[in-house]
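Structural overview
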Amino acid sequence: MKLFVLNIFNLLWISAWLLPLPVQAQKPGKTEIKRVNATPGPRPDRIILTWQTDPTTSQTVTWRTDNSVTTPKAEIALADASANFANYAKALPAQTEPLKTQSGEALYHSVNFSSLSPNTLYAYRVGDGTYWSEWFQFRTASQEPEPFSFIYFGDVQNQVLSQWSRVIRAAYAEMPKAKFMLYVGDLINHPEDDTEWQEWFTAGSFIHATIPSILVAGNHEYTRNAVYLPRITRHWAAQFNLPDNGIKSEPDLVYYTDYQDLRIISLNSYWKVPAQAKWLEEILKNNPKKWTVVTCHYPVQSTAIGRENENLLKHWQPILDKYKVDLVLQGHDHTYARGTSSSAKENKEEFKTAPVYVVSISGPKMYTLGNKEWIGRGAENTQLYQIITIEQDKLIYKSITTTGELYDAFELHKQQGEAARVTELKTTNKAERRFTNTLKAPTK
């Protein structure tokens, strides 16, 4: 018995050492108002596009039904302006994974459309032969470099349907032809709450079914197992099918995606940070792409005093600097901040150069911005989304408020063998948004 207690103590100590920050405690009885019915049915819902393999020749779709569905499948056809395209559709059987939640017993189905043609518009639907979704469209990536844009969202987490839905819909209205959406974790607040996941899918609606998503997990996607070690929510693997090219012990959590001349590297900043450093260096060392974006939840560069993640600064920042990563897109701190690393400033470079670090927030929960040396532009109390466009040797970054103001913007200019140089762009309002000059919450 003493040995068992000692082992549990050691596990807890190791767990605490590995985690940059603990999971926020969940207070019993403090639940949000539920605005959706999360009960699964025979008709497909929670339809989302991701990539498991090459974006030029494949596309993965995942959806949910109840357990009455026994013949799940997807149909795909070349999109055509004639409605007769549906007569040429090919049916593919789905793989299925069960998931039991407080909403009932559900089945998650997925199909990886493969052997597709590059830069081609396809139409697809999912169902079982009796119940079908509507037809959706997606376009495969081009094999040749051409201008494209993607959307980056900071933490969602709270009041997902009531308050975050306007952000994703504003982003879609601004850039409906975005090639993918990038999420930096904390999509919901309580990892095993199926109703919160229903809110997230409802907020995104058809957008998730037409624009692929690249996702990393945040601390609010984690729960604890019987011995208090972290465990990713059971929803993650069921509903997000992601590339299998990362660390084998972290499936769907550590991976990379190559889209045209861009490599997006997705890291799990929640734990196993040193182990990922070796993998990260290998992926960067053998990177054939012109542009590189690294994304993670806990920020390498934090926005407030006391929220520093020393593990990330020690193990990841030197690698990001060494291999001249262009952008590091982060979340967790519930503020907005953008700037270059402190190590670049210590080198007294004549020009501001990459990596450019960004922390952003798309949901309504807001924290205070600290006076950190690396921050060149910051904001509090502001819901934002970011549109990033790549045009050959130029990357254009825009951070836009949910009401449409261009809040922050810059360009990165790439020269072979050098870190990309930063050029500031004009914005709608030069004054930084803070709690002191923005809309205040009413006093009780």
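This structure is a prediction, so every number in the text was calculated from the model and none was measured.

Thresholds, definitions, all that
Residues numbered from 1 in each chain as written. Predicted model: local features only at pLDDT ≥ 70, side-chain atom pairs only at ≥ 80, totals over all residues. Heavy atoms only, no water. Pairing = 2+ DSSP bridges. Helix = DSSP H or I, 4+ residues; strand = E, 2+ residues; numbered from the N terminus. Axes fitted to C-alpha atoms, helices over the stretch in contact; angles between N-to-C directions. Buried < 20%, exposed > 50% of the residue type's maximum accessible area, 1.4 Å probe, protein only. Core = buried A, V, L, I, M, F, W, Y, C linked by side-chain atoms within 4.5 Å. Contact = heavy atoms within 4.5 Å. Expected span 1.5 Å × (residues − 1). 1 Å grid on protein atoms, 1.4 Å probe; cavity = no way out; pocket = protein on both sides within 12 Å on 5 of 7 lines; lining within 4 Å. Points joined across faces, edges and corners; volume = space filled by probe spheres on them. Nonpolar A, V, L, I, M, F, W, Y, C, P; charged D, E, K, R; others polar. Polar contact = N/O pair within 3.5 Å; in protein donor to acceptor, adjacent residues only side chain to side chain. Phe/Tyr/Trp six-rings, centres within 6.5 Å; stacked < 30°, edge-to-face > 60°. Parallel < 35°, antiparallel > 145°, perpendicular 65-115°, else oblique. Left-handed = near helix turned anticlockwise from the far one by under 90°.

Brief notes about the sheet that holds strand S8 (residues 136-139)
Ordered by their spatial adjacency, four strands build an open sheet running S4-S3-S7-S8, and the pairing between neighbours is antiparallel. With one partner strand each, in any of the chains shown, strand S4 (90-93) and S8 form the two edges of the open sheet. The average undirected angle you get between the axes of adjacent strands in this sheet is 30 degrees. Note: strand S3 (residues 73-78) against strand S7 (residues 121-127), six bridges, orientation antiparallel. Paired with alanine 74 across the two strands is valine 126, which belongs to S7.

Structural notes on the pairing of strand S21 (residues 384-391)
For a regular strand, the rule is simple: side chains alternate between the two faces of the sheet. Buried residues dominate S21, accounting for seven of its eight residues. Pairing of strand S9 (residues 148-153) with S21, which is carried by five bridges, proceeds in the antiparallel orientation. Following the sheet pairing, serine 149 is matched in S21 by threonine 389. Both S21 and strand S22 (residues 394-401) contribute to a ladder of eight bridges, which runs antiparallel. Residue pairing for S22: threonine 389 is matched across the bridge by isoleucine 396.

Some points on the nonpolar core
Counting 93 residues, the largest nonpolar core has Phe153, Trp164, Trp200 and Phe240 as the members making the most contacts within it. Among the elements that line this core, the one with the most residues is helix H2 (residues 160-174), at seven residues. In this structure phenylalanine 153 touches Trp164, Val167, Ile168, Ala171, Met181, Leu182, Tyr183, Val184, Ser362 and Tyr385, once residues within four positions along its chain are discounted.

Brief notes about H2
Taking 1.5 Å of rise per residue, the 15 residues of H2 would be expected to cover 21 Å, and the 20 Å separating its terminal C-alpha atoms lies within 8% of that figure. For H2, every residue scored as buried is listed here: Val160, Leu161, Trp164, Ser165, Val167, Ile168, Ala170 and Ala171. On its buried face, H2 is in contact with S9, strand S10 (181-183), helix H3 (194-204), helix H4 (206-210) and S21.

Observations regarding the layout of surface pockets
Counted as a void, the largest pocket has a volume near 470 Å³. Taken together, 18 residues make up the lining of the largest pocket; nearest its centre are Arg166, Asn381, Gln383, Arg433 and Leu439. Among the residues making up the lining of the largest pocket, the classes are represented as five nonpolar, nine polar and four charged.

A look at the sheet that holds strand S16 (residues 291-295)
One open sheet holds the seven strands; their spatial order is S14-S15-S16-S17-S19-S18-S20, and the pairing between them is mixed. Edge positions in the sheet fall to strand S14 (255-259) and strand S20 (377-379), since each of these pairs with one other strand and no more. Neighbour-to-neighbour, the strand axes of this sheet turn through a mean angle of 15 degrees, independent of strand direction. Where strand S15 (residues 262-266) meets S16, five bridges bridge the pair, whose relative direction is parallel. Note on S16: the bridge partner recorded for serine 266 is threonine 295. The strands that helix H6 (residues 273-285) touches are S14, S15 and S16; relative to S15, the one it contacts most, it runs at about 175 degrees.

Thoughts on H3
For H3, the tally of buried residues reaches 10 of 11 residues, placing the bulk of the element in the interior. All of the buried residues along H3 are Asp194, Thr195, Glu196, Trp197, Gln198, Glu199, Trp200, Phe201, Ala203 and Gly204. Of the residues flanking the end of H3, it is serine 205, one or two places downstream, whose phi is positive at about 50 degrees.

Some points on the side chain of serine 58
Along the chain, the position of serine 58 falls in the loop between strand S1 (45-50) and strand S2 (59-66). In terms of polar contacts, serine 58 uses its side chain to reach the side chain of threonine 53, at 2.8 Å. Separated by 2.7 Å, the side chain of serine 58 and the backbone oxygen of aspartate 54 make a polar contact.

Digging into the packing of aromatic side chains
Applying the stated criterion across every chain, the model contains 27 aromatic pairs. With a centroid separation of 5.8 Å and an interplanar angle of 75 degrees, the aromatic rings of phenylalanine 153 and tryptophan 164 are classed as edge-to-face. Residue phenylalanine 153 is found in strand S9, and its partner tryptophan 164 is found in helix H2; the two are separated by 11 residues along the sequence. Looking at phenylalanine 153, the relative accessible area reads 0%, which means it is buried. Here tyrosine 270 and tyrosine 298 contribute two aromatic rings whose centre-to-centre distance is 6.2 Å and whose plane-to-plane angle is 15 degrees, an arrangement assigned as stacked. Separated by 28 residues along the polypeptide, tyrosine 270 in the loop between S15 and H6 and tyrosine 298 in the loop between S16 and helix H7 (310-315) bring together distant segments of the chain. Pair check on accessibility: tyrosine 270 and tyrosine 298 agree, each one buried. The rings of Phe153, Trp164, Tyr183, Trp197, Trp200, Phe201, Trp236 and Phe240 are connected pair by pair, giving a single aromatic cluster.

Side note on the packing of H2 against H3
Where H2 meets H3, the axes come as close as 8 Å, and the angle between the chain directions of the two elements is 30 degrees. Between H2 and H3, the angle falls in the class roughly parallel. Here H2 runs over H3; the crossing is right-handed. Residue-level contacts link Val160, Leu161, Trp164, Ser165, Ile168 and Arg169 of H2 to Glu199, Trp200, Thr202, Ala203 and Gly204 of H3.

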